[in-house]
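Working through the structure, step by step
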Amino acid sequence: MKKILVLPGDGIGVEVADQTIRVIDHLNTKNNLNIEYEKELVGGASYDVHGEALTPAVLEKAKEADAILLGAVGGSKWDNVERDKRPEAGLLGLRKELELFANLRPAIVFDALLSASSLKEEIVKGLDIVIVRELTGGVYFGQPRGIEEYEPGKQKALDTQIYFDYEIDRIARVAFDLAKKRNNKVTSVEKANVMETGVLWRQVVKKTHEDYSDITLENMLADNCAMQLVRNPKQFDVLVTDNLFGDLLSDCAAMLTGSLGMLPSASLGAEIDGKRNGLFEPVHGSAPDIAGENKANPIATILSFAMMLRYNLNQQDLAKNLEDVIQKVLNEGFRTADLYSSDDQTLVSCSKMGDLILERL
Ligand code: IPM
Ligand code: MN
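Just so you know, these numbers come straight off a predicted model, no measurement behind them.

Before going further, it helps to spend a moment on the packing of aromatic side chains. Describing an aromatic ring pair means giving the distance of the ring centres and the angle of the ring planes. Enumeration over the complete set of coordinates arrives at 3 aromatic pairs. Relative to W201, the ring of Y163 lies with its centre 5.4 Å away and its plane at 80°, an arrangement referred to as edge-to-face. Of the two residues, Y163 is situated in the loop between strand 7 (154-158) and helix 6 (165-180) and W201 in helix 7 (residues 196-209); the sequence distance between them amounts to 38 residues. Assigned by exposure class, Y163 and W201 land together as buried. Taking 4.9 Å as the distance between ring centres and 25° as the angle between the ring planes, the aromatic pair formed by F176 and Y212 counts as stacked. Taken together, the residues span a long stretch of sequence, with F176 in helix 6 and Y212 in the loop between helix 7 and strand 9 (216-221) at a distance of 36 residues. Residue classification places F176 among the buried positions, given a relative accessible area of 1%.

Quick look at the structure:
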C-alpha cells in the first residue's frame, strides 16, 4: 500500500486534481493499484482557513507520504498578504522542507498537438527534452533579502543569488544520470560571463562530468539558451540549470508543446533509506481567470501522476499506459479550450476530458 497526499491548492488546481483523483480511483479498482490518498489544503486555500499557506500538520503528512500530488497555488486574491504567508510560500516551503532539489520538467510534443504550437511544425515535431531545474537554492531562498529604506522616503530591494558546490554537484548528477537513459547529452545553463554563481556552476558541473565520460557536456549562457529553445529546440536532450533560469526556461519550453496545460513535473529529493521524497505537479499555475468554470486542461496533472507512478511508485507499465491513453484521446481530436484550434476538433470541458481518459483506461 502506498500513501499519497493530494494538495489541490487554488484556482484550477482543484479541478485538475479532481480529475486526477478519478484516475487514481479507477486504477485502484481496475488494476489493484492499492493507493490510499488523503486531501489537504495548501496555498491560498489553506491561508483562508488557517492563516498560513502550509500548516505544520500538513507538512508532517507530506513528510510521511510516499508521494505528493499538487494542483496549483496562488491568485490575485492573496496579493496583499505578507510574503511568508502567501500561497507561493506554501509551495516553496514544501520544496525546501522536503529537500526536493531536483525538478524534472519534460517538454514533449505530441503529434496530435503539432498545430497548437506557436512555432512551425518542423521546428517542434518529435521534440522530447527535459529541463532539470535546481529547486531548493539560488535566488529563491538566498539570504539576505528584503526591501529597505536607504534614505527617508527612498527604498532599495535586495535578493541574493547563492549556490554551494554540493548543490550544483547533486543537481548535475541528476541530469547526467537522466541523460544516460536518454540521448547522452547534457546542456548546462548559467551566466558565467556575468555572475559568480555561473562561474562556480560551470566549474562544478565540469568536475562532476568527469564521472560521466560517455555523456556529452555543453555549456550555454542562459540568454542564448532562451533563444536556442525557440530557434532549434531539438538540439537539446537534457538541460540543467539553476532555480531562476529553470523557472523561465521551463515556461518557454512548455509553450513549444502547444500549451502550458500539457506539462507535468516531478520534484525529487535525495534517496534516503530507499525512500525518495517526491512532489508531482503541473507546470501551469492556478489560472484564476478560468477557475471554477470546468474549462481547465487536466492533462498536465494526470501526466504528473504518471511521473509519480514511474519515479516513486515503481509502476512503469501503468505510467506508460496512462501516457498512451492521453495520446489516444488527443489523436481522436478531443481538446480542452487551451488546445482547441480548429473546428475539426471537439472542444471538451475539464471533467469531460477526465471522462474520455477513464473510458479508455
Ligand atoms: C513554478 C512556479 C513557482 C516558481 C511559483 C508558483 C512559486 O512558477 O513552479 O514554476 O516560481 O517556482
Ligand atoms: Mn514557473
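Moving on from the coordinates now.
Close to ligand 1 lie E88, R95, R105, R133, Y140 and D247, which account for all nearby residues. Take R133: an N or O atom from its side chain is 2.8 Å from an oxygen atom of ligand 1. Side-chain polar atom of Y140 to an oxygen atom of ligand 1: 2.5 Å apart, as the coordinates give it. Considered class by class, the residues forming the shell around ligand 1 number 1 nonpolar, no polar and 5 charged.

Next up on the list: the pairing of strand 4 (residues 102-108). The buried fraction of strand 4 amounts to 6 of the 7 residues, a majority that puts the element mostly inside the structure. For strand 4 and strand 5 (residues 128-134), the ladder comprises 7 bridges, and the chain directions are antiparallel. Each residue of the ladder has a partner; that of I108, found in strand 5, is D128.

For the rest of this paragraph, the subject is the packing of helix 1 (residues 12-31) against helix 12 (residues 350-360). Two numbers describe how helix 1 lies on helix 12: the axes approach to 9 Å, and their chain directions differ by 15°. Comparing the axis directions of helix 1 and helix 12 gives the class roughly parallel. Crossing of helix 1 against helix 12: the hand is right-handed. Two secondary-structure elements touch here, helix 1 through E15, V16, Q19, R22, V23 and H26 and helix 12 through C350, S351, G354, D355, I357 and L358.

Here we take up the sheet that holds strand 3 (residues 67-72). What the 10 strands build is an open sheet, ordered 2-1-3-12-11-4-5-10-8-9; its pairing is mixed. Of all strands in the sheet, those with a lone pairing partner are strand 2 (35-39) and strand 9, marking the two edges. This sheet shows a mean twist of 20° between the axes of neighbouring strands, independent of strand direction. Bridge analysis of strand 8 (residues 185-190) against strand 10 (residues 238-241) gives 4 bridges, and the strand direction is parallel.

This part is about the environment of G11. Relative to the assigned elements, G11 resides in the loop between strand 1 (2-9) and helix 1. For the pair G11 and G292, spaced 281 residues apart in sequence, the C-alpha separation works out to 7.0 Å.

Direction vectors running N to C along helix 8 (residues 222-231) and helix 9 (residues 243-256) enclose 10°, while the axes themselves pass 10 Å from each other. In terms of orientation, helix 8 lies roughly parallel with respect to helix 9. Every residue of helix 9 that contacts helix 8 at A222, C225, A226, L229 and V230 is listed here: F245, L249, C252, A253 and L256. Class assignment of the residues belonging to the contact of helix 8 with helix 9 gives a composition of 10 nonpolar, no polar and no charged.

Looking at the element boundaries, L356 is found in helix 12. Judged by its relative accessible area of 3%, L356 falls in the buried class. Once the C-alpha coordinates of L356 and Y150 are considered, the two residues, 206 residues apart in sequence, prove to be 58 Å apart. With residues up to four places along the chain from it excluded, the contact list for L356 reads V329, F334 and V348.

Here the protein chain is partitioned into domain 1 (1-109 + 257-361) and domain 2 (128-241). Averaged C-alpha coordinates put domain 1 and domain 2 at centres separated by 25 Å. With 17 residues of domain 1 in contact, the opposing surface of domain 2 contributes 16 residues. If you look at where domain 1 meets domain 2, you find 1 salt bridge. E99 is paired through a salt bridge with R170; the nearest N and O atoms lie 2.9 Å apart. The interface formed by domain 1 and domain 2 includes 6 residue pairs in polar contact (both at pLDDT 80 or more). Here the side of domain 1 that touches domain 2 takes 7 residues from strand 4, the largest share from any one element.

The next point concerns the side chain of S304. Relative to the assigned elements, S304 resides in helix 10 (residues 299-311). In this structure S304 comes out as buried when scored by relative accessible area, which is 0%. Here the side chain of S304 touches E281 through a polar contact of 3.1 Å, landing on its backbone oxygen. If sequence neighbours within four positions are ignored, S304 has contacts with P264, S265, F280, E281 and P282.

The rules behind each value
- Residue numbers here run from 1 along each chain, matching the order of that chain's written sequence.
- Both sets of labels track the order of writing: A upward for chains, 1 upward for ligands.
- With the structure being a predicted model, the display of local features is reserved for residues of pLDDT at least 70 and the display and counting of side-chain atom pairs for 80 or more, all residues being used for whole-chain, interface and lining totals.
- Side-chain descriptors were evaluated using all non-hydrogen atoms of the structure, hydrogens and water having been removed beforehand.
- Any two rings among Phe, Tyr and Trp, with Trp reduced to its six-membered ring, count as a pair given centres within 6.5 Å; such a pair is stacked if its planes are under 30 degrees apart, edge-to-face if over 60, and tilted if neither.
- Only DSSP runs of H or I covering at least 4 residues are called helices, and only runs of E covering at least 2 are called strands; the numbering of each starts at the N terminus.
- Categorising residues by exposure relies on relative accessible area from a 1.4 Å probe, with only protein chains included: less than 20% of the type maximum marks a residue as buried, more than 50% marks it as exposed, and the intermediate range marks it as partly exposed.
- Only heavy atoms are used to decide nearness, and a residue is near a molecule or strand if one of them lies within 4 Å of it.
- Polar contacts, as counted here, are pairs of nitrogen or oxygen atoms within 3.5 Å of one another; within protein the pair requires one atom able to donate a hydrogen and one able to accept it, and residues that are adjacent in sequence qualify only if both atoms are side-chain atoms.
- Gly counts as polar in this scheme, as do all residues outside two lists: the nonpolar Ala, Val, Leu, Ile, Met, Phe, Trp, Tyr, Cys and Pro, and the charged Asp, Glu, Lys and Arg.
- By this definition, two strands are paired if DSSP reports at least two bridges between them.
- Only C-alpha atoms enter the line fits that serve as axes; for helices the fit covers just the stretch in contact. Angles between N-to-C directions range over 0 to 180 degrees.
- Note on terminology: angles under 35 degrees are roughly parallel, angles over 145 are roughly antiparallel, angles of 65 to 115 are roughly perpendicular, and the others are oblique.
- The sense of a crossing depends on the near helix, which, turned anticlockwise from the far helix by less than a right angle, makes the crossing left-handed and, turned clockwise, makes it right-handed.
- Contacts are residue-level and defined by heavy atoms, with any inter-residue pair within 4.5 Å sufficient.
- In this entry, domain limits derive from an automatic or database-based domain assignment.
- The term salt bridge refers to a side-chain nitrogen of Lys or Arg lying within 4 Å of a carboxyl oxygen of Asp or Glu.

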